[in-house]
Amino acid sequence: MFALVDGNSFYASCEQVFRPDLIGKPIVVLSNNDGCIVAANQQAKVFGKIMYQPYFKLEKMLKQKGTAVFSSNYELYGDLSHRMHNLLARYAVEQEIYSIDESFLDFSGMRYFDFQDYGLQIKNTVQKQLGLPVAVGIGITKTLAKAANNRAKKLAHLDNVLAISDLSEAEQNQLLAGMPVNDVWGVGSRWTKQLNALGITSALQLKQTSSTLIRKRFGVALERTVHELNGIPCQSLELIAPDKKEIVSSRSFSKMITDKHSMQQAVARYIARAAEKLRKQKSCCQQLSVGITTNAFKKDVPQYHNWANTRLITPSHDTGHLINQGKQCLERIWKEGFEYKKAFVMLSDISSAKDSVQHDLFAHERNDLRTQKTDAIMNVMDAINIRMGKGACRLASEGLSEQTNWQMKRHKHSPRYTTQWRELPVVYLK
Amino acid sequence: MLTIFTPNGDVPLPLPLVGNPVAAGFPSPADDYIEDKLDLNEHLVAHPNATFYVRVSGESMTQAGIQDGDTLVVDRSLDANANDIVIATVNAEFTVKRLVYRRGKPWLQASNPAYPDIQITEDMEAIIWGVVTSAIHQFR
């Protein structure tokens with residue numbers, strides 16, 4: 001037996017935890033640079049199609065309706081997400097953290113159990129202890145748990161909890177009949193079109209299609225989905241998140257960059273973030289790519305985009321070394337006279353830091369000795385940044401001023417209530 | 001894989017730290033008694049996932065030992081009992097009061113005579129947000 005528990009309008013709900021004045025009011029959260037709407041609570045969703053729409057188009061309407069608007073506060077969402085997953089872990093033998101606001105739980109071995117009631121307990125606990133609304137779907141396979149979660153949220157009378165496995169076959173089928181096939185876990189938009197062409201539009205129809213036919217037309221992945229809809233488990237939990245094969249750091253600038261110095265700073269900062277992640281998973285990389293691009297949406301200005309790639313002689317996770325290499329990449333692709341909107345950095349060919357390393361025959365210094373020295377420096381830098389906040393200790397090439405003019409816009413940022421002492425919620429005693 | 005070791009006097013050689021590094025002489029008699037350090041988190045926070053910190057501004061709870069500027073430790077996993085100090089939301093605002101029952105009816109009681117008590121009534125939007133388990137008062 002599996003459960004899928006996820007947060008309802010998670011980012012918007014997080015914003016409301018420390019703002020009792022926002023209970024029952026519409027809330028939206030914006031993407032990086034305050035560009036698009038990436039989360040909206042139920043009260044805001046009734047305004048029509050607003051998800052993933054550019055904010056500037058809807059700003060006036062949202063204001064008129066008294067909507068609370070926030071920039072993404074990743075510190076807050078990350079902390080509350082962490083707490084939520086920890087609370088959920090207590091309810092099952094195993095847990096797979098599927099995304100920032102979704103956990104699969106494995107209820108293996110728990111039999112003769114009122115799962116509907118158990119789901120309700122889970123929902124109420126997270127609501128009481130964190131103030132976050134969640135939906136709980138329980139089924140005999142992961143796909144059915146996902147489907148139950150979808151129905152629990154969509155059908156108001158279920159009130160966000162559904163143990164579909166507690167129902168009779170006929171009742172289960174009735175629920176799946178009302179579920180569009182594109183809401184089935186793993187069915188993307190391309191397959192939806194092809195399935196619809198075959199007359200398969202609901203989850204029930206997919207469940208009742210011959211798995212052999214599905215395998216022939218769509219392959220084993222969708223065949224598995226059909227089995228899982230029929231209650232035959234094909235997937236267990238993925239308990240160990242695989243290390244990332246590549247690490248990408250890419251963001252749009254809040255203001256166009258036109259000078260090389262600013263671009264060097266931006267690239268250095270992105271490399272520093274990526275290298276930090278690399279060290280966190282105890283890896284090294286041997287391949288580094290840097291790309292820059294103008295704003296493709298502004299047709300009236302000259303367009304240019306390019307990227308360069310370099311292979312390091314020995315794998316590294318040393319921020320200083322990677323920034324030097326990145327600068328050389330940028331040197332190769334930089335062109336004056338353009339307005340750049342975005343840069344990306346990718347670290348790839350990633351291996352474990354412990355793996356044996358081929359030494360560089362022509363290096364001045366034996367690289368295992370150099371590595372020892374830089375490792376010590378990187379350890380100190382990471383430790384400082386964990387304690388004092390991101391970027392507190394950095395290389396000069398990343399830029400010295402706290403706020404550079406190209407950095408992300410987060411104008412409507414709420415306080416980091418749970419991760420910064422200076423930003424704790426304040427209670428006024430009257 | 002073949003690894004060649006060459007002696008190199010310039011490089012610091014990290015060794016595991018042994019309890020008492022003095023080779024000669026007697027080992028410290030305290031070596032056997034070393035325990036973990038005291039951790040204030042352990043002392044103040046019973047349920048870390050459900051615990052939040054909140055800063056106080058105002059004087060209405062001074063007689064309960066809560067001063068202006070204190071940091072409160074709030075445990076949301078606890079059920080509020082009579083006489084607990086709680087964070088409640090009353091009419092869409094946070095407040096800190098003592099939860100008391102008078103003739104079976106719940107009241108939010110201030111701990112300073114200059115401030116009024118609030119009776120929780122049916123028609124009122126009042127929610128107990130969490131139970132205050134400690135107040136941290138820093139002198140400097």
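This text gives an overview of the structure that appears in the document. (Residues numbered from 1 in each chain as written. Chains lettered and ligands numbered in written order. Predicted model: local features only at pLDDT ≥ 70, side-chain atom pairs only at ≥ 80, totals over all residues. Heavy atoms only, no water.)

1. Thoughts on the sheet that holds strand E9 (residues 247–257) of chain A
Residues and elements named next belong to chain A. Rules: Two strands are counted as paired when DSSP detects at least two bridges linking them. Comment: elements are numbered from the N terminus, with helices defined as DSSP H or I runs of at least four residues and strands as E runs of at least two. Here an angle of 0 to 180 degrees is reported between the N-to-C directions of two axes, which are lines fitted to C-alpha atoms, with helices fitted over the stretch in contact. Should any heavy atoms of two residues lie within 4.5 Å, those residues are counted as being in contact.
The strand order across the open sheet formed by 4 strands is E9-E12-E10-E11, and the pairing between neighbours is antiparallel. What marks the edges here is a single partner per strand, and that holds for E9 and strand E11 (305–316). Here the strands of the sheet are splayed against their neighbours by 15 degrees on average, with no regard to which way each runs. Here 11 bridges tie strand E10 (residues 283–294) to strand E12 (residues 340–352), and the two strands are oriented antiparallel to one another. In the sheet register, Cys-285 faces E12, and the bridge partner there is Ile-350. Its contacts with the sheet put helix H12 (residues 260–280) on E9, E10, E11 and E12, and the angle it makes with E9 is roughly 155 degrees. Contacting E10, E11 and E12, helix H13 (residues 319–333) runs over the sheet at an angle of about 150 degrees to E11.

2. Side note on helix H5 (residues 115–130) of chain A
Structural remark: α-helix, 3.6 residues per turn; residues separated by three or four positions point the same way. Residues and elements named next belong to chain A. Convention followed: Helices are assigned an expected span. That span is 1.5 Å times one less than the residue count. When accessible area is computed with a 1.4 Å probe and restricted to protein chains, residues below 20% of their type maximum are described as buried, those above 50% as exposed, and intermediate ones as partly exposed. Note that the arc is computed from the directions linking the helix axis to the C-beta atoms. Pairing of N or O atoms within 3.5 Å defines a polar contact, subject to two protein rules: one partner must be a possible hydrogen donor and the other a possible acceptor, and residues neighboring in sequence count only if both atoms are side-chain atoms.
For H5, which comprises 16 residues, the first-to-last C-alpha distance of 22 Å matches the rise-based estimate of 22 Å (1.5 Å per residue) to within 8%. Buried within H5 are the following residues: Phe-115, Tyr-118, Gly-119, Ile-122, Lys-123, Thr-125, Val-126, Gln-129 and Leu-130. Down the axis of H5, the buried set is contained in an arc of 160 degrees. They therefore lie on one face. Capping the start of H5 is the job of one residue whose side-chain oxygen sits 3.3 Å from the backbone nitrogen of Gln-116: Asp-114. Just past H5, the residue Gly-131 takes up positive phi, approximately 75 degrees.

3. Observations concerning the nonpolar core
Operational definition: As used in this record, nonpolar core signifies buried Ala, Val, Leu, Ile, Met, Phe, Trp, Tyr and Cys residues forming a set joined through side-chain atoms within 4.5 Å.
Grouped together as the largest cluster of nonpolar side chains are 51 residues, with contacts concentrated most on Leu-105, Phe-107 and Ile-122 of chain A together with Ile-87 and Val-96 of chain B. Sort the elements by how many residues they give to this core and helix H4 (residues 74–89) of chain A lands first, with 6 residues. Beyond its immediate stretch of four places on either side in the chain, Phe-107 of chain A contacts Met-1, Ala-3, Tyr-91, Ala-92, Phe-115, Tyr-118, Ile-122 and Ile-138 of chain A. Formed by 30 residues, the second largest nonpolar core is a distinct cluster that contains Met-263, Ile-333, Trp-334 and Phe-338 of chain A.

4. Section: the interface of chain A and chain B
Formally: Note: buried area is the sum, over both parts, of the accessible area (probe 1.4 Å) each one loses when the two are combined. A side-chain nitrogen of Lys or Arg and a carboxyl oxygen of Asp or Glu constitute a salt bridge if their distance falls within 4 Å. Gly is put with the polar residues, along with every residue not named as nonpolar or charged; the nonpolar set is Ala, Val, Leu, Ile, Met, Phe, Trp, Tyr, Cys and Pro, and the charged set is Asp, Glu, Lys and Arg.
With 28 residues of chain A at the interface, the matching set in chain B holds 34 residues. Buried surface at the junction of chain A and chain B, both sides included, amounts to about 2,600 Å², of which 57% is carbon and sulfur. In terms of surface lost to chain B, no three residues of chain A exceed Val-427, Leu-429 and Lys-430 of chain A, which account for 27% of the buried area on that side. Inspection of the region where chain A meets chain B yields 1 salt bridge. A salt bridge links Lys-128 of chain A to Asp-79 of chain B, with the nearest nitrogen and oxygen atoms 3.5 Å apart. The tally of links from chain A across to chain B stands at 14 residue pairs in polar contact (both at pLDDT 80 or more). Of all the secondary structure elements, the ones that give two or more residues to the side of chain A that touches chain B are H4, H5, helix H14 (367–388) and strand E13 (426–428) of chain A. Here the residues of the side of chain A that touches chain B sort into 15 nonpolar, 7 polar and 6 charged.

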